[in-house]
Amino acid sequence: MSLLVLILAVSAACCLGFGFVLQQNAAQQAPLSDFLSPRLLLDLVKVPRWLGGTGLMVAGMVLGAIALGQGEVSLVEPLLATNLLFALALSRRQTRQPLGRQGWAGLALLAGGVTAFIVAGQPRGGSAVTDPLRHWLIIGVMVGLALLLTTYAKRSRLSSGPLLLALAAGLLYGLQDALTRVSGQRFSEGGMAELLTGWQPYAVLALGVTGLLLVQSAFETASLRMSLPALTAAQPLAGIVCGVGFLGDRLHTDTGALAWEAAGLAAVVSGIVLLGLHPAMPRGVAVPSPRRDLQPR
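Throughout what follows, the structure given in this document is the object of discussion.

Parameters at a glance
Here the residue numbering is sequential within each chain, running from 1 through the sequence in written order. Side-chain atom pairs in this predicted model are given and counted only at pLDDT of 80 or more, local residue features only at pLDDT of at least 70, and totals for whole chains, interfaces and linings cover all residues. The basis for every side-chain value is the complete set of heavy atoms in the structure, and neither hydrogens nor water enter the calculation. Numbering goes from the N terminus for both helices and strands, where a helix is a DSSP run of H or I of at least four residues and a strand is a run of E of at least two. Just to be clear, the radius of gyration here is over C-alpha atoms, and the globule rule we use is 2.2 Å times residues to the power 0.38. Only protein chains enter the accessibility calculation, which uses a 1.4 Å probe. A residue is then buried if its area is under 20% of the maximum for its type, exposed if over 50%, and partly exposed in between. Residue contacts are counted whenever heavy atoms from the two residues lie within 4.5 Å of one another. For the purposes of this section, nonpolar cores are sets of buried Ala, Val, Leu, Ile, Met, Phe, Trp, Tyr and Cys residues that join through side-chain atoms within 4.5 Å. Multiply 1.5 Å by the residue count of a helix minus one, and that product is the helix's expected span. The rule for a salt bridge is simple: a side-chain nitrogen of Lys or Arg has to be within 4 Å of a carboxyl oxygen of Asp or Glu. Residues are called lining when one of their atoms sits within 4 Å of a cavity or pocket point, these points coming from a 1 Å grid over the protein atoms alone, where a cavity is a set in which a 1.4 Å probe fits but cannot get out and a pocket is an open set with protein on both sides within 12 Å along at least five of seven lines. Grid points are joined across faces, edges and corners, and a volume is the space filled by probe spheres set on the points. Note that Gly is not counted as nonpolar here; it falls among the polar residues with everything else outside the nonpolar set of Ala, Val, Leu, Ile, Met, Phe, Trp, Tyr, Cys and Pro and the charged set of Asp, Glu, Lys and Arg.

Glancing now at the overall build of the protein chain. Looking only at helices and strands, the protein chain features eleven helices and zero strands. Its helices and strands in sequence order give the protein chain the pattern α-α-α-α-α-α-α-α-α-α-α, from N to C terminus. A globule of 297 residues ought to have a C-alpha radius of gyration of about 19 Å, and the protein chain, at 19 Å, matches this closely. In terms of overall dimensions, the protein chain has a C-alpha envelope of 55 × 45 × 35 Å along the principal axes. Taken across its 297 residues, the protein chain has 54% of its residues classed as buried. Residue pairs at least 24 apart in sequence account for 87% of intrachain contacts in the protein chain once pairs closer than 6 positions are excluded.

Here it is, written out as structure tokens:
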């Protein structure tokens, strides 16, 4: 694994984690009538804390894109999942909660799972799949699942809605990461002209805006405990599927390696859940009100 890719991916995770916390702090004050509406983003741009969080998130995405340009999606995605560690660090500073057994266990599972997956799988590049049917099948499944989750979220926006929206956004962000790598490859091969004549950069932009709206709607209606673990778990899993599915990423597939890879991913998800449910994570507002006003904080 390149040291540069490691530094870029962890730096991206740091920016994303801090950005998510600041965004949720602001979004939880937004009017519930803005749920899943573009008006939500128009309201939030008036809040300095949300703008700061969004700036950090954009910086994280840029660093992540550079990391994806230098390394495989299957390598970078597990590293980006460590954003929850940085989110917890900032949340602990706000809530002054000790890490405790749950925090240390979650940290160990997340870090150990990422390490186990990377060491066992040894992600490496290969030839991208040229079959367009396979490309569109995987993309269609990701987008279709996101649409299905969003549809169900509309029906239960104050119960399981935030969890479903976070899962949907994670799927879209994982797909966005894969298409970001494709866009970077097109730029390397033919410059700006080659990049702009492909559909991938426009899809990256559309996925980014859609994912942002889904995430902010999830942050608006529930605490980070409800939304961030699902988002953090879904994104790397979706990215790995895309990387192996059509970008040509290769992993070791012998029995022992597959067992360790599966165990590593299971540990990552378990660690994410433990950290996401940690008492240090902000609970958000206790009783959401459809009439609450958006106040800069």
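Following the sequence through the fold, V143 ends up in helix α7 (residues 132-155). Residue classification places V143 among the partly exposed positions, given a relative accessible area of 29%. The spacing of V143 and L172 is 29 residues in sequence and 6.8 Å in space, taken between C-alpha atoms.

Glancing now at the nonpolar core. A general tendency of soluble globular proteins is for nonpolar side chains to be buried together. Ranked by internal contacts, the top residues of the largest apolar core, which has 80 residues, are L228, L231 and F246. Ranked by residue count, the leading element in this core is helix α8 (residues 161-196), at twelve residues. Residue contacts for L228: discarding those within four places in its chain leaves F20, N83, L84, A87 and M281.

Relative to the 32 Å expected for 22 residues at 1.5 Å per residue, helix α9 (residues 200-221) spans 32 Å between its end C-alpha atoms, a close match to the ideal helical length. In terms of residue burial, α9 counts as a mostly covered element, since 17 of its 22 residues are buried.

This brings us to the pattern of salt bridges. All chains considered together, the criterion is met by two salt bridges. In this structure, the salt-bridge partner of D43 is K46, at a minimum N-O distance of 3.9 Å. R186 is paired through a salt bridge with E194; the nearest N and O atoms lie 3.4 Å apart. The class of R186 is buried, set by a relative accessible area of 18%.

With that out of the way, let us pick up unusual backbone geometry. For L36, which is not a glycine, the phi torsion comes out positive at approximately 60°. Mapped onto the fold, L36 is located in the loop between α1 (3-27) and α2 (38-44). Judged by its relative accessible area of 17%, L36 is buried. Even without being a glycine, Q122 presents a positive backbone phi close to 45°.

Bringing the layout of surface pockets into the picture now. Here the largest pocket is characterised by a volume of approximately 430 Å³. If you go around the largest pocket, you meet 21 residues; those closest to its centre are M61, V62, Q176, V204 and G208. Only α1, α3 (48-70), α8 and α9 provide two or more residues apiece to the lining of the largest pocket. No other element matches α3, which puts eight residues into the lining of the largest pocket. Grouping the amino acids of the lining of the largest pocket by side-chain chemistry returns 14 nonpolar, six polar and one charged. Each pocket or cavity is described by its volume, and for the second largest pocket that value is around 240 Å³. If you list the elements that add at least two residues to the lining of the second largest pocket, you get α7 and α8. Considering every element that reaches the lining of the second largest pocket, the biggest residue donor is α8, with five residues. Of the residues belonging to the lining of the second largest pocket, the class tally is nine nonpolar, three polar and two charged.

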